[in-house]
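Each chain, letter by letter, is given below.
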Amino acid sequence: MDHDYALRNEKPATLTDESTDDEVTLHNWWERSNRLCLLYIKKTISKTIKSSIPTFENVKEYLINVENRFATADKSLAETLMTKLVTMKYTCTNEIGDYISEMTSICAQLKPLELIMNEGCLVQIIMTSLPPRFGVFKIHYNTNKDKWTLNELKIENKLDKNIKTVRSDRGGEYYGRHTDVGQSEGPFAQFLKLKGITPKSTTPGTPEQNGVAERRNRTITDMVRSMMSNSSLPEFLWSKVLKIVVYILNRVPSKSVPTTPYELWNGRKPSLAV
């Protein structure tokens, strides 16, 4: 007998003196399956929820009642999350990036409840929740004709600066491939133009003009190779090792800059606790 027989089939007719052996057997199968299903379901439900659900002898009726109870709970949860989202205020006690991530997480919790909020609406709610000390920043946002994404909002808020220039070697992977009529603009180049960011490039074939980035790339690759060669890690984990290397370099000072990149970006010293 299938344990879920009572869930897949309606309850058989009540037995009478005229019932056949097959009908009696089918009825007994259904009754046994019904008892087992009720037992399994009730064992998986928490006691606090189980005590609020009326007792039913039919497993299907029991599940319908549970569903109705949780439909009410979903409405209450949606109301709680929406209230929290629209009443949150940034108190400057934590990083603005963490605050934006917390509000993004609330929106993600609303999505399964069929309350989908687009990014533009969330950005507007975040701007409204900022304290008066962000007044100049709000004016800059309101007078900007372009809409901001959440990532842009984090950068603009965190550093209180605009991204004005991007310097590179005009590589095809960023700005588009070279053709007979010149270099075609790739998605990244079009994005820079859309945001009013000036692209600056070095002379073709002169990597020495981009020495800082070239030396940093060499340092990263050397560290990755060293860590991989001194361990038994498989080669497919090289990308994970690369992330570890960058994590370390962001938390150590250099000869040219006495502080760490992490401190320059976040405005506080990194925690070295293990």
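Residues numbered from 1 in each chain as written. Predicted model: local features only at pLDDT ≥ 70, side-chain atom pairs only at ≥ 80, totals over all residues. Heavy atoms only, no water.

Q: Just to check I follow, could you spell out the nonpolar core for this structure?
A: It is characteristic of soluble globular proteins that their nonpolar side chains tend to be buried jointly. Leu85, Ile96, Tyr99, Met103, Leu122 and Ile126 are the most contacted members of the largest nonpolar core, which has 19 residues in total. Breaking this core down by element, the ones donating at least two residues are helix H4 (59–87), helix H5 (96–110) and helix H6 (119–129). Here this core takes 7 residues from H5, the largest share from any one element. Counting residues in hydrophobic clusters, the runner-up holds 11 residues, among them Ala6, Leu38, Val59 and Val66. (Core = buried A, V, L, I, M, F, W, Y, C linked by side-chain atoms within 4.5 Å. Buried < 20%, exposed > 50% of the residue type's maximum accessible area, 1.4 Å probe, protein only. Helix = DSSP H or I, 4+ residues; strand = E, 2+ residues; numbered from the N terminus.)

Q: What's the story with the side chain of Ser129 in this structure? I'm lost.
A: By secondary structure assignment, the location of Ser129 is in helix H6. On the accessibility criterion, Ser129 (4% relative accessible area) is buried. Among the polar contacts listed, one links the side chain of Ser129 to the backbone oxygen of Ile126, at a separation of 2.7 Å. Discounting chain neighbours no more than four positions away, the residues touching Ser129 are Met88, Lys89, Tyr90, Tyr99 and Met103. (Polar contact = N/O pair within 3.5 Å; in protein donor to acceptor, adjacent residues only side chain to side chain. Contact = heavy atoms within 4.5 Å.)

Q: How do you make sense of the packing of H5 against H6 when you look at a structure like this?
A: How two helices pack is summed up by the angle between their axes together with the distance between the axes. Between H5 and H6, the least distance of the axes is 11 Å, while the angle of their chain directions is 135 degrees. Overall, the two elements H5 and H6 adopt an arrangement that is oblique. Read as a crossing pair, H5 and H6 show a hand that is right-handed. In this structure, H5 uses Tyr99, Ile100, Met103, Thr104 and Cys107 to contact H6, whose residues at the interface are Leu122, Ile125, Ile126 and Ser129. (Axes fitted to C-alpha atoms, helices over the stretch in contact; angles between N-to-C directions. Parallel < 35°, antiparallel > 145°, perpendicular 65-115°, else oblique. Left-handed = near helix turned anticlockwise from the far one by under 90°.)

Q: Sorry if this is basic, but what is going on with the packing of aromatic side chains here?
A: We describe a pair of aromatic rings using the distance from one ring centre to the other and the angle between the two ring planes. Under the criterion given, the structure shown has 0 aromatic pairs. The ring of Tyr62 carries Lys42 above its face, with NZ or CZ at 5.4 Å from the centroid. The lysine or arginine in question, Arg251, covers the ring of Tyr247, its NZ or CZ lying 3.7 Å from the ring centre. (Phe/Tyr/Trp six-rings, centres within 6.5 Å; stacked < 30°, edge-to-face > 60°. Lys NZ or Arg CZ within 6 Å of the ring centre and 35° of its normal.)

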